[in-house]
Amino acid sequence: MKLVLSCEHGGNRVPRRYAGLFAGCEKVLASHRGWDPGALWLAKRLARAFDAPLHATTVTRLLVDTNRSEHHRGLFSPWSAPMSREERDLVLDRHYRAHRGALERRLRGLTEAGASVLHLAVHSFTPHWQGRVRRCDIGLLYDPQREAERALCQQWQRLLLARSPRLRVRRNFPYRGAADGLTTHLRRQLPARTYLGVELELNQRSIARAGARRRALAQRIESSLRTLLAEA
Ligand SMILES: [Zn+2]
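What you see is a predicted model, and the numbers here were worked out from it, not measured in a lab. Along each chain, residues carry numbers from 1 onward, in the same order as the chain's sequence is written. In keeping with the predicted nature of the model, local features appear solely for residues at pLDDT of at least 70, side-chain atom pairs appear and are counted solely at 80 or more, and the whole-chain, interface and lining totals rest on all residues. To obtain the side-chain values, all non-hydrogen atoms of the structure were used and water was disregarded.

1. What to know about the sheet that holds strand β1 (residues 2–7)
Then comes step 1: Taken together, 6 strands build an open sheet; the order of strands is β2-β1-β3-β8-β6-β7 and the sheet is mixed. The open sheet is flanked by β2 (54–56) and β7 (169–171), the only strands paired with a single partner. Pairs of neighbouring strands in the sheet enclose a mean axial angle of 20 degrees, with direction left out of account.
Then comes step 2: Pairing analysis gives 3 bridges linking strand β6 (residues 138–141) to β7, with the strands arranged parallel. Looking at the pairing, Ile138 lines up with Val169 of β7.
Then comes step 3: Most of the contacts of helix α3 (residues 85–112) go to β1, to which it runs at about 175 degrees, and overall it touches β1, β2, β3 (117–125) and β8 (195–203).
Then comes step 4: Pairs of residues are marked as contacts when any of their non-hydrogen atoms sit within 4.5 Å. Axis geometry follows a simple rule: fit a line to the C-alpha atoms, using only the stretch in contact for helices, then measure angles between N-to-C directions, giving values from 0 to 180 degrees. Numbering of helices and strands runs from the N terminus, with a helix taken as a DSSP run of H or I at least four residues long and a strand as a DSSP run of E at least two residues long. Each of β1, β3 and β8 touches helix α5 (residues 182–189); the most contacted strand, β8, lies at about 175 degrees to it. Any two strands are treated as partners once DSSP identifies two or more bridges connecting them.

This is the structure in C-alpha cells:
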C-alpha cells in the first residue's frame, strides 16, 4: 500500500497581497484558528521516514480553508469573506484549487495504475473547546461506511495502544471523518477499492511545541504506521 501525505493547515502565512485584511490580527493568526501547530512538523517527519510524497499548504486557513468544500460557509473567514467575488476566485485558484488539484491528480494517478493508497491528512486540534477538555491524544478520522478505512483505523488504534497503553487514541474524534473535508471530497472522486482517506488529528498539547514529548509521540506514530503498512 502506497502512502501519500497532506497537510492543509500547515502554516499561518499571509501572502503580501492580503496583508491589509489581517492588519493587527497577529494574535488570532498565531492561535489554533490561524493554523494547526505541529501538524506540518509531523507530516514532514513521516514523509521523510516513509519516503512518501507530501502536499502541504502554509497559507493561513483564515484566508481560505483548504479542508472545506467550495460551497461550505466556513470556506472563507470573517477576515477574508468581505473580499470581492473576483478576489475570492483568485484566492481559490492560487491557494485552494492548486493544492487540492495537485493532490487529487497524484492520488488519481496512483489508483488508476492499480495501487492501493493510504492518504493521511495530518492535522492538530486545540486541547480545549467551548470550555471542555478534549480527552484525546490522537484522533483517527474515517468514514465508518467504508469497511477498509474502518478496519485499518481499528488496527492502527490497536498498534498504537500496544506501544503505549496510556495513549488516548480515539476514532472519529474530535470530528467525524465523514463530515465536510478534503478526504470526504476525495472519497467521491476516487475508487473506494483503492483509495483510503484518513485524517490524523493530534492534540496540540502534545505536538505543538518542540521537545522530547512530541518526538516520543511521533516515534510511536511512525513505528505503528510502519507495521500497519507492512500488514496491509
Ligand atoms: Zn486542521
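After that view, the rundown keeps rolling.
2. Here's the deal with helix α4 (residues 147–163)
Then comes step 1: Working rule for helices: expected span equals 1.5 Å times residues minus one. In this model α4 runs 25 Å from its N-terminal to its C-terminal C-alpha over 17 residues, within 8% of the 24 Å that 1.5 Å per residue would give.
Then comes step 2: Each residue is assigned to one of three classes by its accessible area relative to the maximum for its type, calculated with a 1.4 Å probe on protein chains only: buried under 20%, partly exposed between the two thresholds, exposed over 50%. Listing the buried residues of α4 in full gives Glu149, Leu152, Cys153, Trp156, Gln157, Leu159 and Leu160. Down the axis of α4, the buried set is contained in an arc of 165 degrees. They therefore lie on one face. Set apart from the buried face of α4 by more than 90 degrees, the exposed residues are Arg158 and Ala162.
Then comes step 3: At its buried positions, α4 is contacted by β3, β6, β7, α5, β8 and α7 (212–231). What the arc measures is the spread of directions leading from the helix axis to the C-beta atoms.

3. A word on the environment of Ser224
Then comes step 1: By secondary structure assignment, the location of Ser224 is in helix α7.
Then comes step 2: With 33 residues separating them in the primary sequence, Ser224 and Pro191 have C-alpha atoms 26 Å apart.
Then comes step 3: Each residue touching Ser224, except ones within four places of it in the same chain, is listed here: Trp156, Leu159, Leu160 and Arg163.

4. A look at the pattern of salt bridges
Then comes step 1: For salt bridges, the criterion is a side-chain nitrogen of Lys or Arg within 4 Å of an Asp or Glu carboxyl oxygen. For the structure on display, the rule yields 13 salt bridges.
Then comes step 2: Between Glu104 and Arg108 there is a salt bridge; the shortest N-O distance is 3.0 Å. With Glu104 and Arg108 both in helix α3 and 4 residues apart, this pair spans about one turn of that helix.
Then comes step 3: When its relative accessible area of 28% is taken as the criterion, Arg108 is described as partly exposed.
Then comes step 4: In the salt-bridge network here, residues are joined through shared partners; they are Glu70, Asp89, Asp93 and Arg97.

5. Topic: the nonpolar core
Then comes step 1: Nonpolar cores were defined as sets of buried Ala, Val, Leu, Ile, Met, Phe, Trp, Tyr and Cys residues, with membership established by side-chain atoms within 4.5 Å. Counting 35 residues, the largest nonpolar core has Ile138, Leu200, Ile221 and Leu225 as its most contacted members.
Then comes step 2: At the level of elements, β1, α2 (39–50), β3, β6, α4, β8 and α7 are the ones that each hand at least two residues to this core.
Then comes step 3: Ranked by the residues each element gives to this core, the list is headed by α2, at 7 residues.
Then comes step 4: Filtering out sequence-adjacent residues up to four positions away, Ile221 remains in contact with Leu42, Leu46, Ile138, Trp156, Leu160, Leu200 and Leu202.
Then comes step 5: Formed by 15 residues, the second largest nonpolar core is a distinct cluster that contains Leu62, Val64, Phe76 and Leu92.

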